[in-house]
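Close look at the chain arrangement
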Amino acid sequence: MNIRMAQVQRAAAKHVWSQTINGNAAAALSCFQVVNPATGRVFVDAPDTSPQQLEAAITYARRAQAGWGALSVAERRLYLHRFVESLLSHREELAELITLEQGKPLPRAYDEVDRTALLVKQLMKIELPVEILPGAPGWHVELHHAPLGVVGAVTPWNMPLILSFPKAIHALYTGNTIIIKPSPYTPLTALRVGELSREILPPGVFNVVSGGNDLGQWMTEHPGLDKISFTGSVPTGKRVLSSAAGTLKRVTLELGGNDAAIVLDDADPRAIAPALFAASFANSGQVCMAIKRLYVHERIHPDVCDELANLCRSARIGDGFEEGVDLGPLQNEVQYRFVLELLDDARRAGGHIVGGGAPLERPGFFVTPTIVTGLPDHCSLVQQEPFGPVLPVLSFSDVDEAVSRANDTRFGLCGSVWSADVLRGGEVARRLEVGTAWVNRHMGWHGNVPFGGAKESGFGVECGLEGLKHYTRMQALHMPNIDGSK
Ligand code: NAD
């Protein structure tokens, strides 16, 4: 094992991990085990929140909400900026934890910390104004956005910080309090952020609990939570929506994707290949908005495949603490086995494996980056979200056909079009049935821009003014004009 990984792992194993409830450490009554994806071995125990502890967290968060919600936006912003600065002053420690529990190369973990800070700073520049609306003659109408109350955030394992912390900022900035539940595969980063919050925020405002899927379900069903902001898979998202129905709590779902990228015949294969590779294989393909199906015009299909295959062969795979590593392991064994099954199925369907295509002969959950050509559209690798470093590269002859195949899915997260002619690319991109579309790039966020999936990829949005509004309840206030005018 790499020396730095051994040091970070030893420190994590010695640390006494606790939940954050009401601004205090809540000791574990029982624990669950966390596995290092680069070794496949358990390295630490994390607290398993009991139903009684969740109950306490909800009670304290409800109690704290009145005071927090009564602060001015400027006062809340001040607290939250201090929180973000604290995150940045623990940048190295948080990046190391992300790499340890999630597996991505350390420089990419630093990126996750930096991007999280940038995203939430962008978000906190957005004002939520009181809107004045034209109403009946003689009446003045104001549209207010009030906090919902207590928000529960349930998050996945692929990006432990950027998929949890911004949810908290959405909630807190708009006057709610929050309870975060990270994935049981990657609980440490969120638990550590909970520890940092204890020095900065009033008690009860920011709470972190950890545990398995049951804990997520208890939160979703609980009448004491006013909203669930969930990021995860489509099947779990459907379960969340159905258990939230009992209390009609508000729900935002950021779900899976099977993003298509369409490369038009005028694109330059050599020029675009590095960006296509990065957008497909970043975080070993474990990104909701990664390219997961690549449709290339038949004239340049062979050249694009050659360029991508070369990049697959030259990528360095290893544990995230090794110098110069491009891609780390898959995060967990279930995902690892799923990706290998998809590859087997692609072989059986007559797919041609170009570059990679195999697990690495070492402990941990490593799969080499792989492209597969010659697959029929009905193959599971094309139909399902692989969430791993395996990309089907399909060929088309006509743009209408490419758009129709790209849209032939229940997913609708993101998509992109690649062309030497930006306007032509934009016209094609507008026809994609997705929440976010790009021309000549794929991936990228900005706190000002709402993000959410179409079709089964999502419900509601986060970021931008629209995203903030999803953390509020609207009130239309009608008052007679005070000057008596009609
Ligand atoms: P998952 O759905 O298995 O789990 C996500 C979270 O839900 C975990 O914390 C889990 O403990 C919890 N959970 C499980 N069952 C639950 C239930 N019945 N009620 C409440 N909570 C429950 O997802 P995952 O495997 O951790 O993450 C991978 C998926 O997340 C992929 O599909 C990926 O595309 C998606 N994702 C989407 C986005 C986005 O912004 N759209 C971002 C990242 C990941």
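For the structure, check the block above.
Read on for a plain summary of the structure. (Residues numbered from 1 in each chain as written. Predicted model: local features only at pLDDT ≥ 70, side-chain atom pairs only at ≥ 80, totals over all residues. Heavy atoms only, no water.)

Observations regarding the sheet that holds strand β5 (residues 131-133)
- Judged by pairing direction, the sheet is antiparallel, and its 3 strands sit side by side in the order β5-β6-β20 without closing on themselves. A single partner strand is all that each edge strand has here, and the edge strands are β5 and β20 (472-480). The sheet shows a mean angle of 25° between the axes of neighbouring strands, direction not considered.
- Relative to β20, strand β6 (residues 139-147) runs antiparallel, the two being bridged by 9 bridges. Paired with Ala146 across the bridge in β20 is Arg473. (Pairing = 2+ DSSP bridges. Helix = DSSP H or I, 4+ residues; strand = E, 2+ residues; numbered from the N terminus. Axes fitted to C-alpha atoms, helices over the stretch in contact; angles between N-to-C directions.)

Some points on the pattern of salt bridges
- Scanning the model with the defined rule gives 27 salt bridges in all.
- For Arg424, the salt bridge identified is with Asp265, shortest N-O distance 3.1 Å. Of this pair, Arg424 sits in helix α15 (residues 422-429) while Asp265 sits in the loop between β12 (259-263) and α10 (269-281), placing them 159 residues apart in sequence.
- Residue Glu433 is joined to Lys455 by a salt bridge in which the shortest nitrogen-to-oxygen separation is 2.7 Å. In this pair, Glu433 is assigned in the loop between α15 and β18 (436-439) and Lys455 in the loop between β18 and β19 (458-459), connecting sequence segments 22 residues apart.
- Its relative accessible area of 40% is what places Glu433 among the partly exposed residues.
- Residue classification places Lys455 among the partly exposed positions, given a relative accessible area of 30%.
- A single network of salt bridges, built from pairs that share partners, joins Arg4, Glu92 and Glu96. (Salt bridge = Lys/Arg side-chain N within 4 Å of Asp/Glu carboxyl O. Buried < 20%, exposed > 50% of the residue type's maximum accessible area, 1.4 Å probe, protein only.)

A look at the environment of Ser314
- You can see Ser314 is positioned in helix α11 (residues 301-314).
- Counting along the chain gives 160 residues from Ser314 to Met474, while the straight-line C-alpha distance between them is 53 Å.

So, the pairing of strand β7 (residues 150-154)
- Within β7, 5 of the 5 residues are buried, leaving the element largely enclosed by the surrounding structure.
- Of the two faces of β7, both are covered, the one formed by Val150, Gly152 and Val154 as well as the one formed by Val151 and Ala153.
- Inspection of the sheet shows β7 paired to strand β8 (residues 177-181) by 5 bridges, in the parallel sense. Within the sheet, the bridge partner assigned to Val154 lies in β8 and is Lys181.
- With 4 bridges connecting them, β7 and strand β10 (residues 227-231) associate as parallel partners. Pairing of Val154 across the sheet is with Phe230, part of β10.

What about the nonpolar core?
- Core analysis: the biggest nonpolar cluster contains 94 residues, and Phe206, Leu294 and Ile371 have the highest contact counts within it.
- The element contributing the most residues to this core is helix α5 (residues 106-123), with 8 residues.
- Core analysis: the second largest hydrophobic core is formed by 29 residues, Val367, Leu375, Ala402 and Ala429 among them. (Core = buried A, V, L, I, M, F, W, Y, C linked by side-chain atoms within 4.5 Å.)

Describing α11
- The first and last C-alpha atoms of α11 sit 20 Å apart over 14 residues, in line with the 20 Å expected at 1.5 Å per residue.
- Those residues of α11 that sit buried are His301, Val304, Cys305, Glu307, Leu308, Ala309 and Cys312.
- Packed against the buried residues of α11 are α10, β13 (291-297), β14 (352-354), β15 (370-373) and β16 (390-396). (Expected span 1.5 Å × (residues − 1). Contact = heavy atoms within 4.5 Å.)

Some points on the sheet that holds strand β17 (residues 414-418)
- Strand order in the open sheet formed by 7 strands is β14-β15-β16-β13-β12-β17-β18, with mixed pairing between adjacent strands. Bordering the open sheet on either side are β14 and β18, each of which pairs with just one other strand. Going across the sheet, the axis of each strand differs from the next one's by a mean of 25°, ignoring polarity.
- Across 4 bridges, the pairing between β15 and β16 is parallel. From the neighbouring strand, Val372 faces β16, where its bridge partner is Pro392.
- Sheet contacts for α10: β12, β13, β15, β16 and β17; angle to β13, the most-contacted strand, approximately 150°.
- Those strands touched by helix α12 (residues 333-348) are β14, β15 and β16, and its axis lies near 30° from that of β15.

A short note on the site of the ligand
- With respect to spatial proximity, 30 residues lie near the ligand, and among them Thr155, Asn213, Ser233, Leu255 and Glu385 are the closest.
- Contact between the ligand and Thr236: an oxygen atom at 2.8 Å from a side-chain N or O atom of the residue.
- With respect to the ligand, the side chain of Glu385 contributes an N or O atom lying 2.5 Å from an oxygen atom.
- Taking 870 Å² as the accessible area of the ligand by itself, protein coverage stands at 91%.
- Elements with a minimum of two residues in the shell around the ligand: α8 (213-221), β10 and α9 (234-244).
- For the shell around the ligand, the element with the highest residue contribution is α8, accounting for 4 residues. (Near = heavy atom within 4 Å. Polar contact = N/O pair within 3.5 Å; in protein donor to acceptor, adjacent residues only side chain to side chain. Areas by Shrake-Rupley, 256 points an atom, 1.4 Å probe, with all protein chains shown as cover.)

Observations concerning the side chain of Asn332
- Along the polypeptide, Asn332 turns up in the loop between α11 and α12.
- Residue Asn332 is classed as buried on the basis of its relative accessible area, which comes to 5%.
- Side chain to side chain, Asn332 and Gln331 meet in a polar contact 3.0 Å long.
- At a separation of 2.9 Å, a polar atom in the side chain of Asn332 contacts the main-chain amide nitrogen of Gln335.
- Each residue touching Asn332, except ones within four places of it in the same chain, is listed here: Trp157, Tyr185 and Phe365.

A closer look at the environment of Gly464
- One can find Gly464 in helix α16 (residues 464-469).
- Gly464 sits in the buried class, given a relative accessible area of 0%.
- For the pair Gly464 and Ile126, spaced 338 residues apart in the sequence, the C-alpha separation amounts to 7.3 Å.
- Once residues lying within four places of it in the same chain are set aside, the contact partners of Gly464 are Leu123, Ile126, Gly447, Asn448, Val449 and Pro450.

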